[in-house]
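Residues per chain are reported as follows:
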Amino acid sequence: MLIQRFAKLFFGCLAAVTSGMMYAVYLSTYHERKFWFSSRQELEREITFQGDSAIYYSFYKELLKAPSFERGVYELTHNNKTVSLKTINAVQQMTLYPELIASVLYQASGSEEVIEPVYFYIGIVFGLQGIYVTALFVTSWVMSGTWLAGMLTVAWFIINRTDTTRIDYSIPSRENWALPYFACQVAALTGYLKKSLNCSAEKFCYLLVSASTYTFMMMWEYSHYLLFVQAVSLFLLDSFALAQTEKVYEVYKIYLFSLFLGYLLQFENSALLVSPLLSLVAALMLSKCLQMNTKKGTFISRLLKIMHIYLVLTITVTLNFLLKVFVPHKENEHLLKFIEVKLGLNTTKNFTMNWLLCQESLQAPSQDFFLRLTQSSLLPFYILVLIICLFSVTQVIFRRICGEPLKETVKLEDGRIGERPEIVYHVIHTILLGCLAMCLEGMKYLWTPYVCMLAAFGVCSPELWMTLFKWLRLKAVHPILLALILSMAVPTIIGFSLWKEFFPRIMTELSELQEFYDPDTVELMTWIKRQAPVAAVFAGSPQLMGVIKLCTGWMVSSLPLYNDDDLIKRNENIYQIYSKRSAEDIYKILTSYKANFLIIEDSICNEVGPVRGCRVKDLLDIANGHVVCEEGDSYAYSKYGRFCHEIKMNYSPYVNYFTRVYWNRSYFVYRINTVISFQS
């Protein structure tokens, strides 16, 4: 038995680590085929980082160029070379802890002579994605007892990569750094919640939960919202008396410690103090004290037990309201306003808010999303597993209400999968994440990986099949034998069908040479580096400004960030170059930010969007009140023409304020005149 267990553990760990490494190699190979990184010049490589990704990587470059790490950190925390007329703490505002860690590792490991900085950077991210997959593998393995479930989890994750990760679109994004740590935390929490766990394994899981929770919170500014969803899952698990209360409250203490430490090390981040996570955990701790200070069996004790959920929710809402009143904060106001408009509780003409609402990731998921999950057989099996687990959990809750205690150890022949606390936790967690994913398509990247994990666990778990057979009351075949057979046969059949259908597609994807080349942007960046003065400030769309900052190092007037009121206001003002405003108005806006050059993008000026009303120029017309509605149709009207069109005509008064100095098929660059010449 000992040799058998050791062999099972050894081969399972080997399969988990191999799966993670193979996935990291797969991502690296796909990235090389897509961008031809090895055959590109540095400028062409950097152009592949778009929007906020370009900003993150630019600060990583600055850290490596600094004479010392301490000096580099100081320059980032007192940065006045990125945005004109503004000094920012980039580490706090952009959560640059991943870049700090990457730069330290690059310099401390002596990699300067071995590998280029860009390869080291993306290599760390791909390595973290490998850890992500390994953590999902281990979670499914711990729940089902067989590493076959882990293999199936990895297979579904890779096949549905379009819906499980954003690594293809934005390598440096914060979630790509943070979610692997959250997956490790979930894997450790799964083991920690198990009933039959020895002391040393429990301590290991507890320490891993603590370390991964804090690291996750430091890597992503919105991590506390995801931890709040997890805390709600644990709260419901404890409220139904389906887990050991002591273990659940130990996890709450980990949340408090992580919030406190994160607040201190994130430059006293007030967003953590007003987070719903802190309010919920404080309310849970307080409600526990109220229950502990009342004698068991008394009327007050019984009343508190019945009103426990209501009490916690009331304290949470009240405490969160009081914290927001007394703690100065601005970080998440834009998020609350967005939620109000998204839920239809408010309307707005604000450009930024409407622009965010038009983003695909903030729309409800499309039918194609569900079709893709169905074609890979993931969604049907997930729904089957979820229904069986939900019915089993409902039975257990009903038994608890009737006074029947939980069994210390659940055996296979019992067919009570709903009595395992780690299973109930994952069921609640995926339901909550699923509700969010049904509202916002961007949330699918949080939900789908755990759909893969839960579905793989279910089809590989003899307990789940036994639970189903207990309900069906099979007599012709021994249910335990049939459950063991199906837990091996069903995943094997699924695996072979996935291999046959999707493996050729994956190999074709890796062997197909794609090409990402943007000659117009390369020419623009080359011109800026050769012709523009070093002290010049550029104005244009925030996405382009991020690329300019990375590729040239020149100062810009705005950034593609939406967590700062001043930057949001800057973006709205500078986007007016695509509105129907006068040349004088645009000139005053640009000179107020000390801009020297203006860049007009033809793709925005002549944008033909799939949804009318979601183009940048449409949203600007709405915000500026330039839209007139007649007989159900809306028309843009202003006494001025659209600035980005009119400036290309080279006639007065536009030539009085702006002088064209460079252009190609995609970009038009204008120098903003310091001395206005009123020529006819």
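About the criteria used
All residue numbers refer to position in the chain's written sequence, counted from 1. Only residues with pLDDT of at least 70 get local features here, since the model is predicted, and only at 80 or more are side-chain atom pairs given and counted; chain-wide, interface and lining totals rely on the full set of residues. For the side-chain quantities, the full set of heavy atoms in the structure was used; hydrogens and water were omitted. When DSSP locates at least two bridges between a pair of strands, those strands are taken to pair. Each helix is a run of H or I in the DSSP string that is no shorter than four residues. Each strand is a run of E no shorter than two, and both are numbered from the N terminus. One fewer than the residue count of a helix, multiplied by 1.5 Å, yields its expected span. To sort residues, take the accessible area from a 1.4 Å probe on protein chains only and compare it with the maximum for the residue type: under 20% means buried, over 50% means exposed, and anything in between is partly exposed. UniProt positions are given in the numbering used here, feature names are shortened, and annotations may be inferred rather than shown by experiment.

1. Here's the deal with the pairing of strand E6 (residues 658–663)
So, step 1. Inspection of the sheet shows E6 paired to strand E7 (residues 667–672) by 5 bridges, in the antiparallel sense. By the bridge assignment for E7, Phe658 is matched with Ile672.
So, step 2. Remark: 3 residues form the turn of the hairpin made by E6 and E7, two consecutive strands paired antiparallel.

2. Concerning helix H7 (residues 117–144)
So, step 1. Spanning 28 residues, H7 covers 41 Å between terminal C-alpha atoms, matching the ideal 40 Å at 1.5 Å per step.
So, step 2. For H7, the tally of buried residues reaches 21 of 28 residues, placing the bulk of the element in the interior.
So, step 3. Within two residues after H7, Gly145 carries a phi angle of roughly 85°, on the positive side.

3. Section: the sheet that holds strand E2 (residues 555–556)
So, step 1. Here 5 strands make up an open sheet; going across it, the order is E2-E1-E3-E7-E6 and the pairing mixed. Every interior strand has two partners, whereas the edge strands, E2 and E6, have only one.

4. A few points about the pairing of E7
So, step 1. Among the 6 residues in E7, 5 count as buried, and that is most of the element.
So, step 2. Pairing of strand E3 (residues 597–601) with E7, which is carried by 5 bridges, proceeds in the antiparallel orientation. The residue bridging Ile600 from the neighbouring strand is Phe668, located in E7.

5. Remarks on the UniProt feature "transmembrane region" (unreviewed entry) in the protein
So, step 1. Summarizing the sequence annotation, UniProt attributes the feature "transmembrane region" (unreviewed entry) to residues 6–26, 141–159, 225–243, 263–286, 307–327, 379–402, 446–468 and 480–499 in the numbering used throughout.
So, step 2. Between the end C-alpha atoms of residues 263–286 there is a gap of 21 Å, over a span that is 75% helix and 0% strand.
So, step 3. Measuring from the first to the last C-alpha atom of residues 379–402 gives 34 Å, for a span that is 96% helix and 0% strand.

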